[in-house]
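What follows is the residue order along each chain.
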Amino acid sequence: MSFSFPLYDNLNQQTENITETLTPDEKSILSDNIKDIDNDGHKMIYALIRYFQMKHLQNNGVELPYSSKKQKSGYKFDIDCLPHQLQQILFLFSKIHLKKMKEDENMHTPQK
C-alpha cells in the first residue's frame, strides 16, 4: 500500500537540493519556532518526522524515531539526531506554519 502526503512531498521537493546542514543559528530559530507553534503544527511536525523515517526505511526496530524521548506533553527530539534533509524540511515547515498562524490571528483580530 502506498501513502501520499502532499505536504511532505512539497517540502521535500523544495529542500531536496539543499545539501548543507542547518547552521547553529538556524537550529536555534527552528527550536524557537517549534516552541511557538500551535498543537496542530506539533502534530504535523511529528507526522513529517515519522513519514520521513518510513520513506527512508530508518526504523531500525525502534518505535520512537531518531533518539526521541516520550514526555508527558508529547515527544522531544534532538535536532542534531535528525537527518540533514529532515532538518531542512522542518525548518521550512516551521517558518510557513508560523506565518500562517500570524495571518490567521490577524484575520480574527478586530480592526480599530
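Chains are numbered independently. Their residues run from 1 in the order of the written sequence. Only residues with pLDDT of at least 70 are given local features in this predicted model, and only at 80 or more are side-chain atom pairs given and counted; all residues enter the totals for whole chains, interfaces and linings. To obtain the side-chain values, all non-hydrogen atoms of the structure were included, while hydrogens and water were left out.

Engineer: Describe the overall build of the protein chain, listing the residues and the values that go with them.
Structural biologist: Secondary structure elements are defined from DSSP: runs of H or I of at least 4 residues count as helices, runs of E of at least 2 residues count as strands, and each element is numbered from the N terminus. Helix and strand content of the protein chain: four helices and two strands. For the protein chain, the α and β elements follow one another from N to C terminus as α-α-α-β-β-α. Along the longest, intermediate and shortest principal axes, the C-alpha atoms of the protein chain span 55 × 35 × 35 Å. Each residue gets one of three labels from its accessible area relative to the maximum for its type: buried under 20%, exposed over 50%, partly exposed in between, using a 1.4 Å probe on protein chains only. By residue count, 30% of the 112 residues in the protein chain fall in the buried class. Pairs of residues are marked as contacts when any of their non-hydrogen atoms sit within 4.5 Å. For the protein chain, the share of sequence-separated contacts (at least 6 apart) that also reach a separation of at least 24 residues comes to 71%. Per-residue and other accessible areas follow the Shrake-Rupley method at a 1.4 Å probe size, with only the shown protein chains counted as cover for residues. Put simply, the protein chain shows about 8,000 Å² of open surface, and 52% of that area lies on carbon and sulfur atoms. The positive count covers Lys and Arg only, the negative count covers Asp and Glu only, and His and the chain ends enter neither. To locate a charge, take NZ of a lysine, CZ of an arginine, CG of an aspartate or CD of a glutamate. Taken as two groups, the 14 positive and 15 negative side-chain charges of the protein chain have centres that lie 6 Å from each other.

Engineer: Tell me about the environment of L30, and please be specific about residues and values.
Structural biologist: Looking at the secondary structure, you find L30 in helix 2 (residues 24-36). In this structure the C-alpha to C-alpha distance between L30 and Q87, which are 57 residues apart in sequence, comes to 8.7 Å.

Engineer: Requested: an account of the nonpolar core, with residues and values cited.
Structural biologist: Throughout this description, the term nonpolar core refers to a set of buried Ala, Val, Leu, Ile, Met, Phe, Trp, Tyr and Cys residues connected via side-chain atoms within 4.5 Å. Counting 21 residues, the largest nonpolar core has Y8, L48, L86 and L90 as its most contacted members. Of all the secondary structure elements, the ones that give two or more residues to this core are helix 1 (6-15), helix 3 (39-55) and helix 4 (84-108). A total of seven residues in this core trace back to one element, the largest contributor, which is helix 4. Residues within four places of L86 in sequence aside, it is in contact with L48, I49, F52 and Y66.

Engineer: Residues and numbers for the packing of aromatic side chains, please.
Structural biologist: Pairing of aromatic rings covers Phe, Tyr and Trp, the last counted by its six-membered ring, and requires centre-to-centre distances within 6.5 Å; plane angles under 30 degrees mean stacked, over 60 mean edge-to-face, and any other angle means tilted. For the structure shown, the criterion picks out four aromatic pairs. Considering the side-chain rings of F5 and Y51, the 5.2 Å spacing of their centres and the 90° angle between planes classify their relative orientation as edge-to-face. With a gap of 46 residues between them, F5 in the segment before helix 1 and Y51 in helix 3 connect regions that are remote in the sequence. Taking the relative accessible area as the measure of exposure, F5 reaches 14% and is therefore buried. Judged by its relative accessible area of 9%, Y51 falls in the buried class.

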